[in-house]
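Residue-level structure breakdown
Letter by letter, the chains look like this.
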Amino acid sequence: MPRMKAFRGFVPNESVVNPGEVICPPYDVIPEELHAQLLESSPHNAVRWILGDDPSAKPDENVFRKCGNSMREAVESGTIKREEKPAIYRYGIRYQNSEGGESNLQGVIAVVEALPWGQGVERHEEIRTHTVARLVDQARLTTIDTGVVQLSCEGLEKALESVGAGPDSGDLVFESPDWRGDVHTLRRIDDPEQVKAIEEVLEPMPSAVADGHHRYTTAMELSNDDQLRGGGFVLAFIGDLYQEGLHIRPTHRIWDWSPEVGVSPETIAERLVEVLDDGEGEPWQIVLGNGNSINLMTRPDSEKPTLARRLVDVISEFEGLGAPATPHEENVARELLSQHDNGLLCLLPPVGREEFWARTMVHEVFPPKTTFFEPKISTGMVVRFTDEEDV
């Protein structure tokens, strides 16, 4: 486990604003239309701090500076207030999952020191250097930390119960529905002895990033920045990988290419079947642009890479196909496929929890967007500034 620490952050001020009006999804799942809806939903919504107040504006230096200023204005207006003491938070969200049912995720929010990979925290996804460079520039311009890295581990709740830090521990900060009706509960634990006990019980536990690889890597890059004294820490949520309220959803793959590439979807499909169809194992499907489909089964094998990696390896045999689109919903994937004359869709099974944990703990790195963890951890429950020491 990385060094998770209590910190003096800022939380919504219930005497001024309904906390649910502040909370919004993480930046990377907010399309332009939702951005506009969130702005309209409340003048206090945290989308202003992460994407600005103009959904059509291209993210640039001016937008980033305005984002940081917007959060400072929220402090000045009393919309968010600084906590009196460093705290660790019990956090839960009751939400409608993508299958239409209700789920309940539980865990802890704190700040984590962004140490190099393998020192308590493992990654499972490739890091895109251009994305980190953009986030570093953004962090230096905004000097705020709002996005929450999502970590998973084994046995968290049992460990927390051993030090009296179960889901109902601490003082209630708020319980509030957000813009879509998901209910967020934040409880503050700021007793120094209990905080220390939580930090100590978490430290020996290995963890893996479920979501937020680039935010964590950004904090690593900022750890020696003299202007950002708190830049080497990042907001983090940690939850038990095996809890019922956490889901790993499938991420599908769509390739499309121009006729000049000179290869047919049928040719690629035949090669995929030749290499990846074992006749038993996990079922998945190839869909061609003409509507024809091929059912495959691939046997899980710890001696081989993930199915997503093996799929990419086969596709790389054909030049000119480029990077795939990676939708999570099958209906969206099929609609995207229908827009292309030359295209191929792979409807993949989700990565299982056991496979995710086993592969991550031996430092295996998956292709980008192999996993999609549900729910995403929202923005705005508790936030901090990186140009000050708050740990």
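The structure this text deals with has already been given above.
Parameters and conventions
- Residues numbered from 1 in each chain as written.
- Predicted model: local features only at pLDDT ≥ 70, side-chain atom pairs only at ≥ 80, totals over all residues.
- Heavy atoms only, no water.
- Helix = DSSP H or I, 4+ residues; strand = E, 2+ residues; numbered from the N terminus.
- Contact = heavy atoms within 4.5 Å.
- 1 Å grid on protein atoms, 1.4 Å probe; cavity = no way out; pocket = protein on both sides within 12 Å on 5 of 7 lines; lining within 4 Å.
- Points joined across faces, edges and corners; volume = space filled by probe spheres on them.
- Axes fitted to C-alpha atoms, helices over the stretch in contact; angles between N-to-C directions.
- Parallel < 35°, antiparallel > 145°, perpendicular 65-115°, else oblique.
- Left-handed = near helix turned anticlockwise from the far one by under 90°.
- Nonpolar A, V, L, I, M, F, W, Y, C, P; charged D, E, K, R; others polar.
- Buried < 20%, exposed > 50% of the residue type's maximum accessible area, 1.4 Å probe, protein only.
- Pairing = 2+ DSSP bridges.
- Expected span 1.5 Å × (residues − 1).
- Arc of directions from axis to C-beta.
- Salt bridge = Lys/Arg side-chain N within 4 Å of Asp/Glu carboxyl O.

Structurally, the position occupied by Val 132 is in helix 5 (residues 129–142). In the structure, Val 132 is positioned 27 residues away from Ala 159 in sequence and 33 Å away in space, judged by C-alpha atoms. Once you skip the residues sitting within four places of it in the chain, Val 132 turns out to touch Ile 127, His 214, Thr 217, Thr 218 and Glu 221.

Rolled over the atoms, a probe with the dimensions of a water molecule shows which regions are left empty. When its volume is computed, the largest pocket comes out at roughly 770 Å³. If you trace the largest pocket, you find 26 residues lining it, with Val 29, Arg 180, Phe 372, Glu 374 and Lys 376 closest to the centre. Within this model, the second largest pocket holds a volume of roughly 390 Å³. Taken together, 21 residues make up the lining of the second largest pocket; nearest its centre are Asp 28, Glu 125, Arg 128, Asp 211 and Lys 369.

At a closest axis distance of 10 Å, the pairing of helix 9 (residues 265–276) and helix 10 (residues 307–315) adopts a crossing angle of 135°. Considering the angle they form, helix 9 stands oblique to helix 10. Crossing angle aside, the handedness with which helix 9 passes helix 10 is right-handed. Across the interface between the two elements, Ile 268, Arg 271, Leu 272, Val 275 and Leu 276 from helix 9 touch Leu 307, Arg 310, Leu 311, Val 314 and Ile 315 from helix 10. Class assignment for the residues of the contact of helix 9 with helix 10 results in eight nonpolar, no polar and two charged.

Our next topic: the pairing of strand 5 (residues 102–113). In terms of burial, strand 5 is largely enclosed, as nine of its 12 residues are buried. Pairing geometry for strand 4 (residues 88–96) and strand 5, over eight bridges, is antiparallel. Note on strand 5: the bridge partner recorded for Gly 92 is Gln 106. Here strand 5 runs beside strand 12 (residues 233–240); their pairing, made up of six bridges, is antiparallel. By the bridge assignment, Ala 110 is partnered in strand 12 with Ala 236.

The next thing to look at is helix 10. Where burial is concerned, most of helix 10 is hidden: seven out of the nine residues are buried. Residues of helix 10 that are buried: Leu 307, Ala 308, Arg 309, Arg 310, Leu 311, Val 314 and Ile 315. Turning to helix 10, the residues buried within the fold contact strand 14 (253–256), helix 9, strand 15 (282–288), strand 16 (293–298) and strand 17 (343–347).

Mapped onto the fold, Val 365 is located in the loop between helix 12 (353–361) and strand 18 (372–374). A sequence separation of 240 residues divides Val 365 from Glu 125, and the C-alpha atoms of the two residues are 5.2 Å apart. Dropping the residues within four chain positions of it, Val 365 is found in contact with Arg 123, His 124, Glu 125, Glu 126 and Arg 309.

As a further point, take the sheet that holds strand 14. Strand order across the open sheet formed by four strands is 14-17-15-16, with antiparallel pairing between neighbours. Only two strands of the sheet have a single neighbouring strand rather than two, namely strand 14 and strand 16. The mean inter-strand angle of the sheet, taken between neighbouring strand axes irrespective of direction, is 15°. Bridging between strand 15 and strand 16 involves six bridges; their strand directions are antiparallel. Residue pairing for strand 16: Trp 284 is matched across the bridge by Leu 296. Packed on one face of the sheet, helix 9 meets strand 15, strand 16 and strand 17 and runs near 165° to strand 15. Contacts between helix 10 and the sheet are confined to strand 14, strand 15, strand 16 and strand 17, with strand 14 contributing the most and set at about 10° to the helix.

Glancing now at helix 5. Between its first and last C-alpha atoms helix 5 spans 20 Å; for 14 residues at 1.5 Å apiece the expected length is 20 Å, and the two agree. Here helix 5 has its buried residues at Thr 131, Val 132, Leu 135, Val 136, Gln 138, Ala 139 and Thr 142. Taken end-on, helix 5 shows its buried residues confined to a sector of 165°, consistent with a single buried face. Of the exposed residues in helix 5, those oriented more than 90 degrees away from the buried face are Thr 129 and His 130. On its buried face, helix 5 sits against helix 3 (47–50), helix 4 (61–76), strand 7 (144–145) and helix 8 (213–222). Phi turns positive one or two residues past the end of helix 5, at Thr 143, with a value near 55°.

Let us look at the pattern of salt bridges. For the coordinates displayed, the defined rule picks out 23 salt bridges. The partner of Arg 271 in a salt bridge is Glu 274, with the nearest N and O atoms 3.2 Å apart. In this pair, Arg 271 and Glu 274 both sit in helix 9, three residues apart, roughly one turn of the helix. We classify Arg 271 as partly exposed; its relative accessible area is 25%. The residue Arg 359 makes a salt bridge to Glu 355 at a minimum N-O spacing of 2.8 Å. With Arg 359 and Glu 355 both in helix 12 and four residues apart, the pair spans about one turn of that helix. Judged by its relative accessible area of 8%, Arg 359 is buried. Exposure remark for Glu 355: the relative accessible area of 24% places this residue in the partly exposed category. Sharing partners across several salt bridges, the network here consists of Glu 99, Arg 249 and Glu 374.

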